[in-house]
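# Tertiary structure, described
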Amino acid sequence: MYPSLKGKVVAVTGASSGLGKAIAQRFAAEGAKVVVNYLTEDDKPDLVIEEIKANGGEASKIQGDVSQEHDVKRIVQFAVETYGTLDVMVNNAGIQAEIPTEELTLESWNKVIQTNLTGAFLGSREAVRHMLDHNIKGSIINMSSVHQQIPWPHFAHYAASKGGIKLLTETLALEYASSGIRVNNIAPGAIDTPINAEKFADPEAKKDVVDLIPMGYIGKPEEIAACVVWLASSEASYVTGITLYADGGMTKYPSFQAGKG
Ligand code: NAD
């Protein structure tokens, strides 16, 4: 537990499922006031709010598409109007789609870049504006992927968006370090969330993924949420501009495991 998070106001984008949901729940368990952003009511954001409240936490929901400037401004405004400020922004919302590059339309490319990369830019910019205006030594955490480092055929738009997030994070960390605003990046490996549900429903496809993980298992959303709350807490007060890989060793050349190579 991180006492420094108690009472902090935290916004999490894409918080109605998967990693975002686990992150919102963990911040609420730490005593933070959580803004749960969701895209559509089909995502059932009320379930997340109800679960948080049933456990004694505080949370409110707001619809918004992170690829739209106006919506991201509304999300930050909602946090300020509902809870008085914004201390932590978690730019988590993201999408992926498997498309060989020769078939990748500009529309599909733009959709992934605008959601994953432009969404992280807009969320970071709006959070920074609020933090600078109110002299808040806040924390911004972007959700990248091991694919900011590992090339991924058929996912060129996704890998490009995550590579972009890495340098967006590092640049903002440098730009706002002297204002006390920390900006960090998390790179999950393969985690058990709806984004992977179809693939992991096929035992062979799931085994292919597990074979790429030196620790030998698919990560749990709670294991990513644990990284996020640490980065947001005062325990990470001297940490900015990093990528925290939470990938069971996936980026450490698994084909060399057990003395191979
Ligand atoms: P998920 O599909 O469960 O969650 C993604 C969430 O983002 C959903 O709630 C979705 O509604 C929301 N979203 C999508 N487009 C949006 C938009 N335009 N505006 C607002 N919300 C939007 O998947 P997840 O695994 O929880 O993914 C969360 C993040 O983690 C993504 O950025 C993803 O790239 C990243 N990630 C996931 C894994 C993994 O293995 N699960 C690995 C590396 C990185």
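An unreviewed UniProt entry lists the protein under the name glucose 1-dehydrogenase [NAD(P)(+)], with Metabacillus idriensis given as the organism. Per UniProt, the protein has the following entry under Subunit (unreviewed entry): "Homotetramer." Taken directly from UniProt, the Sequence similarities (unreviewed entry) text for the protein runs: "Belongs to the short-chain dehydrogenases/reductases (SDR) family."

Once that is clear, we can look at the pattern of salt bridges. All chains considered together, the criterion is met by 11 salt bridges. Notably, a salt bridge pairs Glu-30 with Arg-26, separated by 2.9 Å at the nearest N-O pair. The partner of Arg-74 in a salt bridge is Asp-71, and the shortest N-O contact between them spans 3.5 Å. Here the residue Arg-74 and the residue Asp-71 both occupy positions in helix H3 (residues 69-83), the gap between them amounting to three residues, near one helical turn. Each of Glu-69, Arg-125, Glu-126 and Arg-129 takes part in salt bridges that share partners, so that together they form one network.

Turning our eyes to something else, we now look at helix H4 (residues 106-133). In this model H4 runs 37 Å from its N-terminal to its C-terminal C-alpha over 28 residues, within 8% of the 40 Å that 1.5 Å per residue would give. The largest bend along H4 reaches roughly 35° and is located at Gln-114. Positive backbone phi, at 50°, marks Asn-135, one or two positions downstream of H4.

This brings us to the site of the ligand. Among the 29 residues in the neighbourhood of the ligand, the closest are listed as Ser-17, Leu-19, Asp-65, Tyr-158 and Thr-193. In the environment of the ligand, an oxygen atom lies 3.0 Å from a nitrogen or oxygen atom belonging to the side chain of Asp-43. Interatomic distance of 2.7 Å between a side-chain N/O atom of Tyr-158 and an oxygen atom of the ligand. In the complex, the protein chains occlude 92% of the 820 Å² of accessible area that the ligand would expose alone. The set of elements that each furnish at least two residues to the shell around the ligand consists of helix H1 (18-29) and helix H5 (156-176). The residue inventory of the shell around the ligand, partitioned by class, reads 12 nonpolar, 14 polar and three charged.

Here we take up the sheet that holds strand S7 (residues 243-246). Overall, parallel pairing links the seven strands, which are arranged S3-S2-S1-S4-S5-S6-S7 in an open sheet. Two strands close off the open sheet at either side, each with one partner strand: strand S3 (58-63) and S7. Between one strand axis and the next, the sheet turns through 20° on average, direction left out of account. Bridge analysis of strand S1 (residues 9-12) against strand S4 (residues 88-91) gives three bridges, and the strand direction is parallel. Looking across to S4, one finds that Val-10 is bridged to Val-88.

Residue position: Ser-139 is located in strand S5 (residues 139-143). Given the relative accessible area of 3%, Ser-139 is considered buried. Once residues lying within four places of it in the same chain are set aside, the contact partners of Ser-139 are Asp-87, Val-88, Met-89, Met-131, Arg-182, Leu-231 and Ala-232.

Attention shifts here to the packing of H4 against H5. The N-to-C vectors of H4 and H5 enclose an angle of 15°; their axes lie 8 Å apart at closest approach. Viewed along their axes, H4 and H5 adopt a mutual orientation that is roughly parallel. The way H4 lies across H5 gives a crossing that is right-handed. Seen from H4, the contacting residues are Ser-108, Trp-109, Val-112, Ile-113, Asn-116, Leu-117, Ala-120, Phe-121, Ser-124, Val-128 and Leu-132; seen from H5, they are Ala-156, His-157, Tyr-158, Ala-160, Ser-161, Lys-162, Gly-164, Ile-165, Leu-168, Leu-172 and Tyr-176. When the residues that make up the contact of H4 with H5 are grouped by side-chain class, the tally is 15 nonpolar, six polar and one charged.

Conventions and cut-offs
- Residues numbered from 1 in each chain as written.
- Predicted model: local features only at pLDDT ≥ 70, side-chain atom pairs only at ≥ 80, totals over all residues.
- Heavy atoms only, no water.
- UniProt positions renumbered as here; feature names shortened; annotations may be inferred.
- Salt bridge = Lys/Arg side-chain N within 4 Å of Asp/Glu carboxyl O.
- Helix = DSSP H or I, 4+ residues; strand = E, 2+ residues; numbered from the N terminus.
- Expected span 1.5 Å × (residues − 1).
- Bend = angle between axes of the 7 residues up to and from the residue.
- Near = heavy atom within 4 Å.
- Polar contact = N/O pair within 3.5 Å; in protein donor to acceptor, adjacent residues only side chain to side chain.
- Areas by Shrake-Rupley, 256 points an atom, 1.4 Å probe, with all protein chains shown as cover.
- Nonpolar A, V, L, I, M, F, W, Y, C, P; charged D, E, K, R; others polar.
- Pairing = 2+ DSSP bridges.
- Axes fitted to C-alpha atoms, helices over the stretch in contact; angles between N-to-C directions.
- Buried < 20%, exposed > 50% of the residue type's maximum accessible area, 1.4 Å probe, protein only.
- Contact = heavy atoms within 4.5 Å.
- Parallel < 35°, antiparallel > 145°, perpendicular 65-115°, else oblique.
- Left-handed = near helix turned anticlockwise from the far one by under 90°.

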